[in-house]
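These are the residues of each chain, in order.
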Amino acid sequence: MTSEPRAPFGPGTEPASDETVHCWSLDDLQGLDFDPFLHDRLRDGRATRVQLPFGEGSAWLMASYAHVKAATTDPRFSRAELVGRTVTSSSPHAIASQQASLNYADPPRLNDMRRVVARAFTGKSMHKLRPAAQRTADGLLDAMERHGSPADLVEHLHGPFPLAAVADLLGMDQDMRKDMTSWANLIMTPGPAPERSSDARMTVRECVVDLLARRREEPRDDLAGVLAAASDAGEITEPEAVSLATAILVSGAHAVRNNSANMVYALLTHPRQLERLRAEPELIPQAVDELLRYIPHRSGVGLPRIATQDVEIAGVVVRAGEAVYSSYLAANRDPEAFPEPDALDFDRGPIAHMAFGNGPHHCVGSMLARMESEIILATLLDRYPTLALAVPPERIEWQTGGLIRGPKALPVSW
């Protein structure tokens, strides 16, 4: 990582002559090491300009909790204005369709799409899904035990379990689930293999189109059924229905795979906290939220927003047309919001972390992700009182070039 003035810049992104542009290379980090670049940005106390590995120009980066909260709720910063623009980015191409995506929408259209999806993400639907999810976890761990100790938790649990849960939510038939986890991982690891990532995205999209067509022929009370019915009723367009289902499927299969593995790794390398949860399993929901705050669940940042007018924020003036990134990772480690933020502390109580984002784009699947994480931790702690890493922590291999961090494998013994 370097920090140096750079030129030229694209339209609307030219820094003042005395401004520094920080080149954020998004280096792959080991374990749950927190990016020192973000620690530095928190110490800056103001927004800073950054240039990411792909795209053009520079962008503002918000790091503190207060600044991230302000930027992600200010209607003068638009996701819709991203469509058709090339900005500095952590990915060589857009992961989601720009034309019909929740991620590239602003209120009120964003609200319309979220209302449709929310019909499948209710407390009642999660309660209905939980027994099936528990049976899936139990069956996967039964198979792992037949394999014998040691075994790879990513292969036996963290990979297949999140896919099964989100596929059950969508109502995806078993014949459509083959290789879906691999495709999701390719889509979310665009840096090393952009062409394979694009091909995987098209394959998943074709599966979703097929699923929605099946649901019109055989209506069911699942997310695919909700989306198909909403599209037929004109509440959302067919491309929006496809985009929503694709985004939920891919992020659900990939993000929870990595974040849940990160959680287990964190516990297995924090023995005091692990024993605390064994003794007080009722703390697991609270512990899940603290783990979500603590683990560096991304590599860099997600999508930016574009200023639609000049905005004074975070000690700078963001000019109309400039891109603004908000780091949820940095916000979750802001000492102003979380005392001793680099400590894993299950006594923080209810915390307003930003692991699922903030504002109008807060993750619609957060309820499902929490449920899956709770099931994983509770089941592992109950079944395996001597669960431990089967190799020293420094020998764990971590994914490279991905948008979401996580171990390639998590070998454990019990």
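Residues numbered from 1 in each chain as written. Predicted model: local features only at pLDDT ≥ 70, side-chain atom pairs only at ≥ 80, totals over all residues. Heavy atoms only, no water.

- Identification of the protein as Cytochrome P450 from Streptomyces solicavernae is taken from an unreviewed UniProt entry.

## Structural notes on the overall build of the protein
So, step 1. Scanning the protein for helices and strands turns up 14 helices and 12 strands.
So, step 2. Restricting the contact set of the protein to residue pairs at least 6 apart, pairs at least 24 apart contribute 74%.
So, step 3. When the accessible surface of the protein is split by element, carbon and sulfur atoms take 51% of a total near 17,500 Å². (Helix = DSSP H or I, 4+ residues; strand = E, 2+ residues; numbered from the N terminus. Contact = heavy atoms within 4.5 Å. Areas by Shrake-Rupley, 256 points an atom, 1.4 Å probe, with all protein chains shown as cover.)

## Remarks on the packing of helix H6 (residues 160-170) against helix H14 (residues 366-383)
A pair of packed helices can be characterised by two numbers: the angle between their axes and the separation between those axes.
So, step 1. Contact geometry for H6 and H14: axes closest at 11 Å, N-to-C directions at 140°. Judged by the inter-axis angle, H6 sits oblique to H14. Seen along the crossing, H6 lies across H14 with a hand that is right-handed. Each of Phe161, Pro162, Ala165, Val166 and Leu169 in H6 lies in contact with H14, whose residues at this interface are Leu368, Glu372, Ile375 and Ile376.
So, step 2. For the contact of H6 with H14, the per-class residue count stands at 8 nonpolar, no polar and 1 charged. (Axes fitted to C-alpha atoms, helices over the stretch in contact; angles between N-to-C directions. Parallel < 35°, antiparallel > 145°, perpendicular 65-115°, else oblique. Left-handed = near helix turned anticlockwise from the far one by under 90°. Nonpolar A, V, L, I, M, F, W, Y, C, P; charged D, E, K, R; others polar.)

## Describing the sheet that holds strand E11 (residues 388-389)
So, step 1. Strands sit in the order E6-E12-E11 across an open sheet of 3 strands; the sheet is antiparallel. Two strands close off the open sheet at either side, each with one partner strand: strand E6 (151-152) and E11.
So, step 2. As defined by bridge partners, E11 adjoins strand E12 (residues 411-413) across 2 bridges and the pair is classed as antiparallel. Of the residues in E12, the one forming a bridge with Ala388 is Ser413. (Pairing = 2+ DSSP bridges.)

## A few points about the layout of surface pockets
So, step 1. Each pocket or cavity is described by its volume, and for the second largest pocket that value is around 300 Å³.
So, step 2. Looking at the second largest pocket, it is lined by 14 residues, and the ones nearest its centre are Ala120, Ser125, Lys128, Asp221 and Asp222.
So, step 3. Contributing elements (two or more residues each) for the lining of the second largest pocket: helix H4 (123-147), H6 and helix H9 (223-232).
So, step 4. Looking at which element gives the most residues to the lining of the second largest pocket, the answer is H4, with 5 residues.
So, step 5. The residue makeup of the lining of the second largest pocket, split by class, is 6 nonpolar, 2 polar and 6 charged. (1 Å grid on protein atoms, 1.4 Å probe; cavity = no way out; pocket = protein on both sides within 12 Å on 5 of 7 lines; lining within 4 Å. Points joined across faces, edges and corners; volume = space filled by probe spheres on them.)

## What to know about the side chain of Ser231
So, step 1. Topologically, Ser231 is positioned in helix H9.
So, step 2. In this structure Ser231 comes out as buried when scored by relative accessible area, which is 13%.
So, step 3. There is a polar contact of 2.9 Å between the side chain of Ser231 and the side chain of Glu238.
So, step 4. Contact partners of Ser231, with chain neighbours within four places excluded, come to Arg216, Ile236, Thr237, Glu238 and Ala241. (Buried < 20%, exposed > 50% of the residue type's maximum accessible area, 1.4 Å probe, protein only. Polar contact = N/O pair within 3.5 Å; in protein donor to acceptor, adjacent residues only side chain to side chain.)

## Brief notes about the packing of aromatic side chains
So, step 1. Following the criterion strictly, the structure yields 4 aromatic pairs and no others.
So, step 2. Here the aromatic rings of Tyr384 and Trp414 are separated by 5.5 Å at their centres, their planes lie at 50°, and the arrangement is tilted. Placement of Tyr384 in the loop between H14 and E11 and of Trp414 in the segment after E12 is noted, with a sequence separation of 30 residues between them.
So, step 3. The ring of Phe338 has Arg293 sitting right over it, with the charged end atom 5.4 Å from the ring centre. (Phe/Tyr/Trp six-rings, centres within 6.5 Å; stacked < 30°, edge-to-face > 60°. Lys NZ or Arg CZ within 6 Å of the ring centre and 35° of its normal.)

## Quick notes on the environment of Gly57
So, step 1. Mapped onto the elements of the fold, Gly57 is located in the loop between strand E3 (48-51) and strand E4 (59-62).
So, step 2. In this structure the C-alpha to C-alpha distance between Gly57 and Val21, which are 36 residues apart in sequence, comes to 9.8 Å.

## Some words on H9
So, step 1. Among the 10 residues that make up H9, 8 are buried, leaving the element largely enclosed by the rest of the structure.
So, step 2. All of the buried residues along H9 are Leu223, Ala224, Gly225, Val226, Leu227, Ala228, Ala230 and Ser231.

## Here's the deal with the pattern of salt bridges
So, step 1. Considering all chains together, one arrives at 29 salt bridges under this definition.
So, step 2. One salt bridge connects Glu240 with Arg109, and the closest N-O pair in it is separated by 2.6 Å. Here Glu240, found in helix H10 (residues 238-268), pairs with Arg109, found in helix H3 (residues 109-118); they are 131 residues apart in sequence, far enough to count as distant.
So, step 3. For Arg109, a relative accessible area of 29% translates into the label partly exposed.
So, step 4. The partner of Arg319 in a salt bridge is Asp310, and the shortest N-O contact between them spans 3.2 Å.
So, step 5. Judged by its relative accessible area of 44%, Arg319 is partly exposed.
So, step 6. The class for Asp310 is partly exposed, based on a relative accessible area of 43%.
So, step 7. Each of Asp173, Asp210, Arg214, Glu218 and Arg220 takes part in one network of salt bridges that share partners. (Salt bridge = Lys/Arg side-chain N within 4 Å of Asp/Glu carboxyl O.)

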